[in-house]
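Spelled out, the chains give:
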Amino acid sequence: MIDLGSLVPSKHQAAGHDGCLISEDSSSVFAKLTNQQEIDFYLESQSINDDSPIGSVLSDWMPIFYGTLTQGTREKPSNETIVMKTDEVVEGESRNDDDKQYIVLQNLYYTFSKPNILDIKLGSKLTDNTVTPEKEERLRQVSRSTTSGSHGFRICGMKIYDNNIKFPSKLESLSDTFTLTDSYYQFDKFFGRSLNESNIVEAIDLYFNVGNLSYQRKLLTRFLQRLQLIYNTLIDSEVRIISGSLLFIYEADLSKWSHVNDVNYEELDPLVSKNEANDDDSDDDENDENGPLSSLNLIDFAHAKYELKI
Ligand code: ADP
Ligand code: MN
């Protein structure tokens, strides 16, 4: 059983709604408000558990799903319900959130010392048929006027540690869409929406500007391998994911890279890594030390469903 303990605001978030939480003790658990559709998608993904090679099923690329949390209770997927004191959690949230549930997931950044995080929303179609005509039209307009429409993806947000970053001149005009706080640049959704074919490459380049060419080359190779695996997995999965994201994370604390060389890199930075939350204290330190140097995950399944492909 996972002891969630008390939840505190998430330290790092690239994009999305506010109010995301992490467990205070080891911060290995991440919780966010969501809808039933996302919970159903996680449950169904989890149930597909064959012996395929790692990286070939969707759940390999999703954060580990631990359960849900509603005000006062936390339900495990097994339907076992554990009463938790979560009143503090919903304090400050509007009353309307009372009926909503938190989804409890693996915290994808918890082993990182200085995580650089990039959220890329996939696809040009940003809405399913469940929204009002007004919202549908608004989202169609967002797609038309951004790289969602022209490139099939859009930067939703990113958070970059300031390793003496040099800004490309092409992005300087967007200075009102990012802030520098506590040595982190935070780029909001208007940054991503302002990009077009003339500067999208510079924006992505900025995220991958590790500050060391050798590390950067290794990292880009790794992410490319992961993208190819995810691509193949998505082709093989009977799913329809609207408005889902790729969440890129890598270690921007260069001291964590100092012992990396050509021989040990692949072992130190596995293609797929799942760091189980651990209530066995003895393993906690070890986990912290042994986190990957980077990770790539699919997230945001609020508008995703299993559906036969034609
Ligand atoms: P929303 O519906 O608000 O867009 P997302 O699932 O896209 O929800 O999450 C919003 C943000 O929260 C992401 O951009 C990412 O930075 C962060 N996030 C989401 N899931 C996790 C996770 N499991 N671990 C750590 N951070 C996460
Ligand atoms: Mn999102």
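These numbers come from a predicted model, not from an experiment. (Residues numbered from 1 in each chain as written. Chains lettered and ligands numbered in written order. Predicted model: local features only at pLDDT ≥ 70, side-chain atom pairs only at ≥ 80, totals over all residues. Heavy atoms only, no water.)

Moving on, we come to the overall build of the protein chain. The helix and strand inventory of the protein chain stands at ten helices and 15 strands. Going through the 310 residues of the protein chain one by one, you find that 46% of them count as buried. Long-range pairs, those at least 24 residues apart, make up 74% of the contacts in the protein chain between residues at least 6 apart in sequence. Summed over its atoms, the accessible surface of the protein chain is roughly 16,300 Å², and 49% of this surface lies on carbon and sulfur atoms. (Helix = DSSP H or I, 4+ residues; strand = E, 2+ residues; numbered from the N terminus. Buried < 20%, exposed > 50% of the residue type's maximum accessible area, 1.4 Å probe, protein only. Contact = heavy atoms within 4.5 Å. Areas by Shrake-Rupley, 256 points an atom, 1.4 Å probe, with all protein chains shown as cover.)

Looking now at the pairing of strand β9 (residues 153-161). Taken across its nine residues, β9 has eight buried, putting it largely inside the fold. By the bridge criterion, four bridges tie β9 to strand β11 (residues 184-187) in an arrangement that is antiparallel. By the bridge assignment for β11, Ile 160 is matched with Tyr 185. (Pairing = 2+ DSSP bridges.)

Let us now look at the site of ligand 1. Taken together, 17 residues are adjacent to ligand 1, and Ala 14, His 17, Lys 32, Gln 106 and Asp 119 come closest. Contact distances for ligand 1 include 2.8 Å between an oxygen atom and a backbone N or O atom of Ala 14. For ligand 1, an oxygen atom lies 3.0 Å from a polar atom in the side chain of Asp 300. Looking at the shell around ligand 1, the elements with two or more residues in it are β3 (29-34) and β7 (101-106). Residue composition of the shell around ligand 1, grouped by class: nine nonpolar, five polar and three charged. Split by domain, the shell around ligand 1 shows at least three residues from each of two domains, domain 1 (7-106) and domain 2 (115-306). (Near = heavy atom within 4 Å. Polar contact = N/O pair within 3.5 Å; in protein donor to acceptor, adjacent residues only side chain to side chain. Nonpolar A, V, L, I, M, F, W, Y, C, P; charged D, E, K, R; others polar. Domains from an automatic or database assignment.)

This part covers the packing of aromatic side chains. Throughout the structure, instances matching the rule amount to 21 aromatic pairs. Seen in terms of ring centroids, Tyr 207 and Phe 208 are 4.8 Å apart; in terms of plane orientation they differ by 85°. Their pairing is edge-to-face. Judged by relative accessible area, Phe 208 falls into the buried class, the value being 9%. One aromatic cluster is present, formed by Phe 41, Tyr 42, Phe 65, Phe 301 and Tyr 306 through successive ring pairs. Over the ring of Tyr 184 we find Lys 159, and its NZ or CZ is 4.7 Å from the ring centre. In this structure, Arg 226 packs its charged tip against the face of Phe 223, placed 5.2 Å from the ring centre. (Phe/Tyr/Trp six-rings, centres within 6.5 Å; stacked < 30°, edge-to-face > 60°. Lys NZ or Arg CZ within 6 Å of the ring centre and 35° of its normal.)

We now examine the nonpolar core. The biggest cluster of nonpolar side chains holds 46 residues, and the ones touching the most others in it are Phe 187, Phe 191 and Phe 248. Here this core spans two domains, and each of domain 1 (7-106) and domain 2 (115-306) adds at least three residues to it. Here Phe 187 is in contact with Ala 14, Gly 157, Met 158, Ile 160, Phe 167, Thr 177, Phe 178 and Leu 206, once residues within four sequence places are set aside. Core analysis: the next-biggest nonpolar cluster, separate from the first, contains eleven residues, Phe 30, Tyr 109, Ile 117 and Leu 247 among them. (Core = buried A, V, L, I, M, F, W, Y, C linked by side-chain atoms within 4.5 Å.)

Moving on, we come to the confidence of the model for the protein chain. When the pLDDT values of the protein chain are averaged, the result is 86; 84% of them are 70 or greater. The low-confidence segment residues 78-97 (pLDDT under 50) makes 33 contacts with residues lying over four places distant or belonging to another chain. Confidence drops under a pLDDT of 50 for residues 278-288, and excluding neighbours within four residues, the segment shows eleven contacts in the predicted structure. (pLDDT = per-residue confidence, 0-100.)

Reading across from one edge, β10-β11-β9-β8-β13-β14 is the order of the six strands in this open sheet, with antiparallel pairing throughout. Among the strands making up the open sheet, the edge pair consists of β10 (178-181) and β14 (294-299). The sheet shows a mean angle of 15° between the axes of neighbouring strands, direction not considered. Pairing of strand β8 (residues 115-122) with β9, which is carried by six bridges, proceeds in the antiparallel orientation. Bridge pairing links Asp 119 to Gly 157 in β9. Docked against the sheet, helix α7 (residues 200-207) engages β8, β9, β11 and β13 (245-251), running at close to 35° with respect to β9. Relative to β14, helix α8 (residues 213-236) is tilted by about 25°, and along the sheet it contacts β13 and β14. (Axes fitted to C-alpha atoms, helices over the stretch in contact; angles between N-to-C directions.)

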